[in-house]
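Working through the structure, step by step
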Amino acid sequence: MRYEAPSTLENAVALLAGESGSAHVLAGGTDLLVGMKSGFTEPDLIVDIKRIDGMHTVTQEDGGWRIGAAVPGIQLGEHDGVKADWPGVVEALELIGSTQIQGRATMAGNLCNASPAADSVPAMVAADATVRIAGPNGSRDIPVIEVATGPGQTSLAKGEIVESIFLPARPVRSGDAYLRFIPRTEMDIAVVGCGVSLTLDEGGTCTAACVALGAVAATVLLVEDAARVLIGTAVDDAALDALAAACSAAAKPIDDKRGTVAFRKKVSGVLARRAAKIALERAKG
Amino acid sequence: MSQIHVSTTINGDATEFLCEPDETLLDALRDRLGLTGSKEGCGTGDCGACSVTVNGRLVCSCLMLAAEAEDAEVTTIEGMAEGEALHPLQRKFIEHAALQCGICTPGILVAAKALLEQNPAPTETEARYWLAGNLCRCTGYDKIIRAVMDAAAEMRGEMRRAS
Ligand SMILES: Cc1cc2nc3c(=O)[nH]c(=O)nc-3n(C[C@H](O)[C@H](O)[C@H](O)COP(=O)(O)OP(=O)(O)OC[C@H]3O[C@@H](n4cnc5c(N)ncnc54)[C@H](O)[C@@H]3O)c2cc1C
Ligand code: FES
Ligand code: FES
């Protein structure tokens with residue numbers, strides 16, 4: 001195995017594109033090194049992106065935030081601007097692992113690892129976030145939901161690197177939230193996760209909503225039916241009942257030791273309702 | 001595999017070593033540099049026995065490649081006492097009998113020190129959450145938390161409350 005830590009994105013892309021064996025980007029390593037330890041991942045080349053300029057910065061852009069791919073959870077948690085605009089996204093990222101894991105784990109790594117239970121992904125999808133991807137043919141922007149295509153699978157082509165994640169400008173009277181269910185309070189993998197983002201008009205009627213579920217399908221689900229039942233309502237009890245029903249119906253979980261299909265479907269609705277209530281309070285300011 | 005030459009700073013001392021590309025920082029500390037205070041409980045980020053700080057951030061050294069330490073400032077449990085003088089956390093761990101087998105202790109001390117550096121007056125809940133990634137199979141955690149809270153009070157210059 002070779003280890004490279006290039007100082008430019010162009011070199012990183014060229015290294016990955018030029019490797020004939022298995023090549024992996026290294027961000028925080030909290031998934032990659034676990035995979036190597038277990039023998040599940042056997043890289044021929046590791047390209048550490050943490051020495052590339054700009055990978056560690058969070059910058060304002062068009063009223064939103066561009067977050068470098070190497071920004072760890074603890075750094076985003078210290079960023080008052082991002083926390084004020086997208087508290088749900090920051091809270092989702094902060095749920096990942098322990099203090100030690102937070103010192104290293106990145107949102108881009110959480111996304112590219114493509115676990116169906118990745119905590120920050122439903123929150124980013126609800127926030128309508130996009131990713132900027134650098135590759136041998138230049139750079140492209142795609143919605144977060146299009147990155148993971150299945151457990152451990154992404155749409156990234158050979159040589160492509162997520163360079164940054166963009167959280168758009170937060171519309172006025174908007175709020176977001178992410179909640180997950182785990183059997184304990186810390187250090188566990190989501191049995192269900194749910195991100196909600198919504199916008200109100202001056203009268204308190206919901207004008208836009210986005211709801212995403214994690215850990216209940218092979219990839220994170222964007223639940224359009226759930227958004228539809230919130231729009232045009234005051235997000236009252238009847239609307240929340242409809243939201244919960246839409247989420248339970250949309251969930252397509254598997255049975256495993258962490259939860260049955262029936263339990264996960266029910267919890268999808270429960271979490272959506274609770275997350276929507278938090279998002280609503282935040283939207284009201 | 002050709003070895004990688006790494007120049008780094010460990011506990012304030014400029015240090016150089018050679019390592020394999022896929023070698024973890026934990027293995028380099030223990031097997032190449034003789035710094036065996038950091039322990040391997042799991043090797044997968046779950047137990048915190050390998051906790052060190054890198055550029056001021058608390059991390060698991062089992063989940064970091066040794067090569068990544070190039071130009072970094074690393075601190076380990078070996079850098080905690082000043083000569084013979086124990087750090088207040090170390091003294092309080094002894095006073096409160098906050099260890100039994102001791103395997104988790106170096107990692108917990110490093111993690112607790114990192115906590116008190118950024119939050120000198122944590123609540124008990126904050127201390128428990130901060131240390132959630134440090135497993136102890138012996139003590140039941142209570143004595144550890146007492147020791148951390150007591151050390152924090154002493155470091156803030158407050159009178160020690162009778163426990
Ligand atoms: C103890 C422990 C607890 C955990 N708890 C949680 C949890 O509660 N919730 C959760 O969701 N996850 C959890 N995780 C998993 C992991 O910490 C997260 O998925 C984390 O966000 C991964 O980020 P990273 O920067 O460490 O990724 P890395 O390990 O560096 O990379 C992960 C994968 O993505 C690829 N990659 C990384 N960055 C890029 C990029 N910029 N472009 C292209 N590909 C890239 C890598 O090649 C690799 O395949 C836990 C892990 C551990 C060890
Ligand atoms: S040995 Fe590193 S966390 Fe357990
Ligand atoms: S004292 Fe034995 S594991 Fe903590």
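Residues numbered from 1 in each chain as written. Chains lettered and ligands numbered in written order. Predicted model: local features only at pLDDT ≥ 70, side-chain atom pairs only at ≥ 80, totals over all residues. Heavy atoms only, no water.

1. Some remarks on the domain arrangement of chain B
All names here are of chain B. The domain architecture assigned to chain B consists of domain 1 (4-79) and domain 2 (88-155). Every contact between the two is made by 12 residues of domain 1 and, on the other side, 12 residues of domain 2. Note on domain 1 versus domain 2: buried area summed over both sides is about 950 Å², and carbon and sulfur give 68% of it. Where domain 1 packs against domain 2, one counts zero salt bridges. Where domain 1 packs against domain 2, one counts three residue pairs in polar contact (both at pLDDT 80 or more). Counting residues per element, the side of domain 1 that touches domain 2 draws most heavily on strand 3 (residues 51-54), at three residues. Residue composition of the side of domain 1 that touches domain 2, grouped by class: five nonpolar, five polar and two charged. (Domains from an automatic or database assignment. Contact = heavy atoms within 4.5 Å. Buried area = accessible area lost by both parts, 1.4 Å probe. Salt bridge = Lys/Arg side-chain N within 4 Å of Asp/Glu carboxyl O. Polar contact = N/O pair within 3.5 Å; in protein donor to acceptor, adjacent residues only side chain to side chain. Helix = DSSP H or I, 4+ residues; strand = E, 2+ residues; numbered from the N terminus. Nonpolar A, V, L, I, M, F, W, Y, C, P; charged D, E, K, R; others polar.)

2. What to know about the domain arrangement of chain A
All names here are of chain A. The assigned domain composition of chain A is domain 1 (2-49 + 57-167) and domain 2 (174-283). The centre of domain 1, based on its C-alpha atoms, is set 24 Å off from the matching centre of domain 2. Contacts between the two partners involve 23 residues from domain 1 and, on the opposite side, 23 residues from domain 2. Between domain 1 and domain 2, a total of about 1800 Å² is buried, with carbon and sulfur atoms accounting for 64% of that surface. Linking domain 1 to domain 2 there are two salt bridges. If you look at where domain 1 meets domain 2, you find seven residue pairs in polar contact (both at pLDDT 80 or more). Listed by contribution, the elements that provide at least two residues to the side of domain 1 that touches domain 2 are helix 5 (87-94), helix 8 (120-126) and strand 8 (148-150).

3. Let's talk about the packing of helix 10 (residues 237-250) of chain A against helix 11 (residues 261-284) of chain A
Residue and element names in this part refer to chain A. Their axes nearest at 7 Å, the elements helix 10 and helix 11 cross at an angle of 140°. As judged from the angle between their axes, helix 10 and helix 11 are oblique. Handedness of the crossing formed by helix 10 with helix 11: right-handed. Of the residues in helix 11, those touching helix 10 at L240, D241, L243, A244, C247, S248 and A249 are K265, K266, S268, G269, A272, R273, A276 and K277. Within the contact of helix 10 with helix 11, the residues separate by chemical class into seven nonpolar, three polar and five charged. (Axes fitted to C-alpha atoms, helices over the stretch in contact; angles between N-to-C directions. Parallel < 35°, antiparallel > 145°, perpendicular 65-115°, else oblique. Left-handed = near helix turned anticlockwise from the far one by under 90°.)

4. Examining the nonpolar core
Residues and elements named next belong to chain A. Core analysis: the biggest nonpolar cluster contains 83 residues, and L76, M124 and V131 have the highest contact counts within it. Contacts of V131, omitting those with residues within four sequence positions, involve L111, R140, D141, I142, V144, V147, V162, S164 and I165. Residues V196, C206, C247 and L280 belong to the second largest nonpolar core, which totals 33 residues. (Core = buried A, V, L, I, M, F, W, Y, C linked by side-chain atoms within 4.5 Å. Buried < 20%, exposed > 50% of the residue type's maximum accessible area, 1.4 Å probe, protein only.)

5. Observations regarding the interface of chain B and chain A
Contacts between chain B and chain A engage 31 residues on the former and 28 residues on the latter. For the pair chain B and chain A, the two sides together bury roughly 2200 Å², of which 61% comes from carbon and sulfur. It is R57(B), L63(B) and E68(B) that lose the most area in chain B upon contact with chain A, and together they represent 29% of the buried surface on that side. Put simply, E68(B) and R104(A) hold a salt bridge, and the shortest N to O gap is 3.0 Å. Linking chain B with chain A are 10 residue pairs in polar contact (both at pLDDT 80 or more), by the criterion used here.

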